[in-house]
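These are the residues of each chain, in order.
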Amino acid sequence: MTAGAESNEKRALHICALLPEAETALSTLQCAVAAGQGFDTEICAAHVGFNAHHAFVDAEELEVQQLRELYEGPPEVRAARVKVVVDSFRESAPAAPPIAWRDDEGDVEANVALDAARADLIVVSRPVHLDAADAFHAALFGGQRLVLVAPRDVIDGERVIGRHIVIGWKPGAPVETAARAALPWLKKAERITVLWGAKPGAGFYEPSARDFFERLGLNVEILHLSRSAGSVGHDLLNEAERLGGDCLLIGAFTHGAWWETLFGGVTRDVLAEARIPVFTMRAR
């Protein structure tokens, strides 16, 4: 066991649920609570929203924000909508760990960095509005923390995360970094399935996967991912769901954000289409 994993098991696990918008707040809270099951958990529900009064902006950005308020309302109204969701969730889930509320207005990227510094896990949903897109990007690229990306859709009943973890494997720092950061969840999982699907001529990825997870002391099943004519990310998601995985773990953005945005990639495709929560972390 690594020193970091041992530390996580001896002290409270700090989970920060980033809530930049009301539309995805409930699914994010559901995933934060599910990720904390089985641990001594502290959850912070942090509303992050841009507020020109607490950030340095130029005239052009100020005009964009003023136009935005016509459609989404002013910052205090957006924060109040999120707070309603948090209060309602607290009442509907009395068995959940205590959930502290924090309203972080100002520069979204800076506030996400501060929230990440206090947390062991950041939970954020796929974005709908502008603040959410900024928070999502900041969590993935600036937080230097394990991130759990929540689906937008809520579920009826209690969500389960970490009972059966599916891992998309390609040898290298991205997935190894994410796996090490997720070690507390991997050690607690009842089942871990590792899927690999190398490009033609790239050789087999199974030996590297077996060696890595043996060194972590984890018992895993390793399966070859059958490829379709579509993207690897799409195939990975379909197989994870077929196997009954309740979450997926992948490395993040091997080629960098702009490359993935322009040309596509496994990370982008998975995060865009996933109907189950996704653990990921960008390698330093």
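Nothing here was measured: the structure is a model prediction, and the numbers come from that model.

A.B. asks: Now, about the nonpolar core: what can you tell me, with residues and values included?
C.D. replies: In this structure, Trp185 and Phe213 are the most contacted members of the largest nonpolar core, which totals 52 residues. At seven residues, the largest contribution of residues to this core is made by helix 2 (residues 25-35). Apart from the residues within four sequence positions on either side, Trp185 is in contact with Leu13, Ala35, Phe39, Leu121, Leu146, Gly162, Ile165 and Phe279. Of all hydrophobic cores here, the second largest spans 33 residues; its members include Ala46, Ala119, Ala240 and Ala274.

A.B. asks: Could you give an account of helix 5 (residues 108-117), with specific residues and numbers?
C.D. replies: Of all the positions in helix 5, only Val108, Asn111, Val112, Asp115 and Ala116 are classed as buried. For helix 5, the angular spread of the buried residues around the axis is 140°, confining them to a single face. Turned more than 90 degrees from where helix 5 packs its buried face, Glu109 and Ala117 sit exposed. Capping of helix 5 at its N-terminal end is provided by Asp107; its side-chain oxygen lies 3.2 Å from the backbone amide nitrogen of Glu109.

A.B. asks: Tell me what's going on with helix 9 (residues 206-215), and back it up with residues and numbers.
C.D. replies: In an α-helix there are 3.6 residues to a turn, and that puts residues three or four apart on one side. Taken as a whole, helix 9 has its buried residues at Ala209, Phe212 and Phe213. Buried residues of helix 9, seen end-on, are gathered within an arc of 90° and therefore sit on one face of the element. Exposed residues pointing more than 90 degrees away from the buried face of helix 9 are listed as Pro207, Glu214 and Arg215. Where helix 9 is buried, its residues touch strand 6 (164-169), helix 7 (173-181), strand 7 (191-196) and strand 8 (221-224).

A.B. asks: Which residues make up the packing of helix 10 (residues 232-242) against helix 12 (residues 266-273), and what values go with them?
C.D. replies: It is the contact of helix 10 with helix 12, at a shortest axis distance of 7 Å, that shows an interaxial angle of 45°. In terms of orientation, helix 10 lies oblique with respect to helix 12. In the packing of helix 10 onto helix 12, the handedness of the crossing is right-handed. Within the contact between the two elements, helix 10 uses Val232, Gly233, His234, Leu236 and Leu237 and helix 12 uses Val266, Asp269, Val270 and Glu273. Classifying every residue of the contact of helix 10 with helix 12 gives five nonpolar, two polar and two charged.

A.B. asks: Lay out the side chain of Asp246 with the relevant residues and their values.
C.D. replies: Along the chain, the position of Asp246 falls in the loop between helix 10 and strand 9 (247-251). A polar contact of 2.7 Å, which involves the side chain of Asp246, links it to the backbone nitrogen of Gly162. Among all residues touching Asp246, those that are not within four sequence positions of it are Val160, Ile161, Gly162, Arg163, His164, Ile276 and Pro277.

A.B. asks: Residues and numbers for the environment of Ala240, please.
C.D. replies: Take Ala240: it is sitting in helix 10. With 76 residues separating them along the chain, Ala240 and His164 place their C-alpha atoms 9.7 Å apart. Residues within four places of Ala240 in sequence aside, it is in contact with Val166, Leu195, Gly245, Leu248 and Ile276.

A.B. asks: Could you give an account of the environment of Leu146, with specific residues and numbers?
C.D. replies: Here Leu146 lies in strand 5 (residues 146-150). Residues Leu146 and Ile122 lie 24 residues apart in sequence; the distance between their C-alpha atoms is 6.3 Å. Leaving out residues up to four positions away in the same chain, Leu146 has contacts with Asp120, Leu121, Ile122, Ala178, Ala181, Ala182, Trp185, Phe279, Thr280 and Met281.

A.B. asks: So, the packing of helix 7 against helix 9: which residues are in play, and what are the values?
C.D. replies: The contact between helix 7 and helix 9 brings their axes to 12 Å, and the two run at 25°. Between helix 7 and helix 9, the interaxial angle falls into the category roughly parallel. Our pair here, helix 7 against helix 9, has a crossing hand that is right-handed. Counted together, Glu176, Ala179 and Arg180 of helix 7 and Phe212, Phe213 and Arg215 of helix 9 form the full contact between these two elements.

Rules of the game
- Residues numbered from 1 in each chain as written.
- Predicted model: local features only at pLDDT ≥ 70, side-chain atom pairs only at ≥ 80, totals over all residues.
- Heavy atoms only, no water.
- Core = buried A, V, L, I, M, F, W, Y, C linked by side-chain atoms within 4.5 Å.
- Buried < 20%, exposed > 50% of the residue type's maximum accessible area, 1.4 Å probe, protein only.
- Helix = DSSP H or I, 4+ residues; strand = E, 2+ residues; numbered from the N terminus.
- Contact = heavy atoms within 4.5 Å.
- Arc of directions from axis to C-beta.
- Polar contact = N/O pair within 3.5 Å; in protein donor to acceptor, adjacent residues only side chain to side chain.
- Axes fitted to C-alpha atoms, helices over the stretch in contact; angles between N-to-C directions.
- Parallel < 35°, antiparallel > 145°, perpendicular 65-115°, else oblique.
- Left-handed = near helix turned anticlockwise from the far one by under 90°.
- Nonpolar A, V, L, I, M, F, W, Y, C, P; charged D, E, K, R; others polar.

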